[in-house]
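# Observations on the three-dimensional arrangement
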Amino acid sequence: MSKEHIKTRFVGLYSVGRAVRNATKNSKKLKEAAKLYDVTHDNNVKVDSPLATICVNEGPKRLNIVFEKFDAKALENDTLKEFLVASTNFAKKEDYELRIISRNNLANPKDYTDFLKKHGLTTPKNYSFYTDSNHRVSGRTYRLSIAKNDVFFTEQELEKLKDWIKNGRH
């Protein structure tokens, strides 16, 4: 029997078989794509662990400050307070956007505004938040968009941030 004869006689079975084969192929491709685009992590990561980023052509002058965890309790730490105050003041003074990146939790913007009120500060013109933690309440996480004007400092780099601000490397 020829392939065409089988197709004609058993068109229903042939179609089902082909559909199953195609579904299996598509499922495998979807799983591979999901791994490629999954930029989150399940467990706690160190503040200086690599972030999944995507480079874009143009972007604002932006100061990215990276916290292991950004919440009211973490901001009680004197070093983190100084880090956030210095970053906020710099962003306002030099008209930089400020992006607060929290590696292990979804930052609550209210924690930031409460912190500013408590310390007599005002918000920079533009600020935003980002997390790559799987422990989040919002939708899908995308790669962090960065451009040539993005500058990064982790919470462990307070002295480096202060030196960068002081020496005008901005």
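Read on for a plain summary of the structure.

Once that is clear, we can look at the pattern of salt bridges. Taken as a whole and assessed by the stated rule, the structure comprises nine salt bridges. Put simply, Asp78 and Lys81 hold a salt bridge, and the shortest N to O gap is 3.6 Å. You can see Asp78 and its partner Lys81 sitting in helix 3 (residues 78-94), three residues apart, about one turn around the helix. Given the relative accessible area of 57%, Asp78 is considered exposed. Across the salt bridge formed by Asp150 and Arg99, the nearest N and O atoms sit 3.3 Å from each other. Taken together, the residues Asp150 in strand 6 (residues 150-154) and Arg99 in strand 3 (residues 97-102) connect sequence positions 51 residues apart.

All right, on to the environment of Leu161 then. Secondary-structure assignment places Leu161 in helix 5 (residues 158-166). The sequence separation of Leu161 and Ile65 amounts to 96 residues, and the corresponding C-alpha distance is 9.5 Å. Those residues in contact with Leu161, other than ones at most four positions away along the chain, are Leu63, Phe83, Ala86, Ser87 and Phe153.

Let us look at the packing of aromatic side chains. For the structure on display, the rule yields ten aromatic pairs. Ring geometry for Phe67 versus Phe83: centroids 5.4 Å apart, planes at 70°, classification edge-to-face. You can see Phe67 sitting in strand 2 (residues 62-67) and its partner Phe83 sitting in helix 3, a full 16 residues away along the chain. Among the residues examined, Phe67 registers a relative accessible area of 0% and is labelled buried. Feature note: the residues Phe67, Phe70, Phe83, Tyr112, Tyr127 and Phe129 constitute an aromatic cluster, connected by ring pairs.

With their axes 12 Å apart at the nearest point, helix 3 and helix 4 (residues 109-118) run at an angle of 85° to one another. As judged from the angle between their axes, helix 3 and helix 4 are roughly perpendicular. Packed against helix 3, whose contacting residues are Lys81, Leu84, Val85 and Thr88, the element helix 4 presents Tyr112, Phe115 and Leu116 at the interface.

Here strand 2 lies mainly inside the structure; six of its six residues are buried. Neither face of strand 2 is exposed, since Arg62, Asn64 and Val66 on one face and Leu63, Ile65 and Phe67 on the opposite face are all buried. Strand direction decides the pairing type here: strand 2 and strand 3, joined by six bridges, are parallel. Bridge pairing in strand 3 places Leu63 opposite Leu98. Handedness of the β-α-β unit built from strand 2, helix 3 and strand 3 comes out right-handed.

On to the sheet that holds strand 4 (residues 127-131), then. The four strands lie next to each other as 4-3-2-6, forming an open sheet whose pairing is parallel. Taken across any chain shown, the strands that pair with only one partner, and hence form the sheet edges, are strand 4 and strand 6. Across the sheet, the axes of successive neighbouring strands diverge by a mean angle of 20°, strand direction being ignored. The pairing of strand 2 with strand 6 spans five bridges and is parallel. Bridge pairing links Ile65 to Phe153 in strand 6. Sheet strands touched by helix 3: strand 2, strand 3 and strand 6. Its angle to strand 2, the strand with the most contacts, is close to 170°.

With that settled, the discussion passes to helix 5. What helix 5 keeps buried is the set Leu158, Leu161 and Trp164. Seen from one end, helix 5 has its buried residues packed into an arc of 125°, which puts them on one side. Turned more than 90 degrees away from the buried face of helix 5 sit Glu159 and Lys166, all of them exposed. On its buried face, helix 5 sits against strand 2, helix 3 and strand 6. Following helix 5 by one or two positions, Gly168 adopts a phi angle in the positive range, close to 65°.

Conventions used here
- Residues numbered from 1 in each chain as written.
- Predicted model: local features only at pLDDT ≥ 70, side-chain atom pairs only at ≥ 80, totals over all residues.
- Heavy atoms only, no water.
- Salt bridge = Lys/Arg side-chain N within 4 Å of Asp/Glu carboxyl O.
- Helix = DSSP H or I, 4+ residues; strand = E, 2+ residues; numbered from the N terminus.
- Buried < 20%, exposed > 50% of the residue type's maximum accessible area, 1.4 Å probe, protein only.
- Contact = heavy atoms within 4.5 Å.
- Phe/Tyr/Trp six-rings, centres within 6.5 Å; stacked < 30°, edge-to-face > 60°.
- Axes fitted to C-alpha atoms, helices over the stretch in contact; angles between N-to-C directions.
- Parallel < 35°, antiparallel > 145°, perpendicular 65-115°, else oblique.
- Pairing = 2+ DSSP bridges.
- Right-handed = clockwise from strand over helix to strand, strands pointing away.
- Arc of directions from axis to C-beta.

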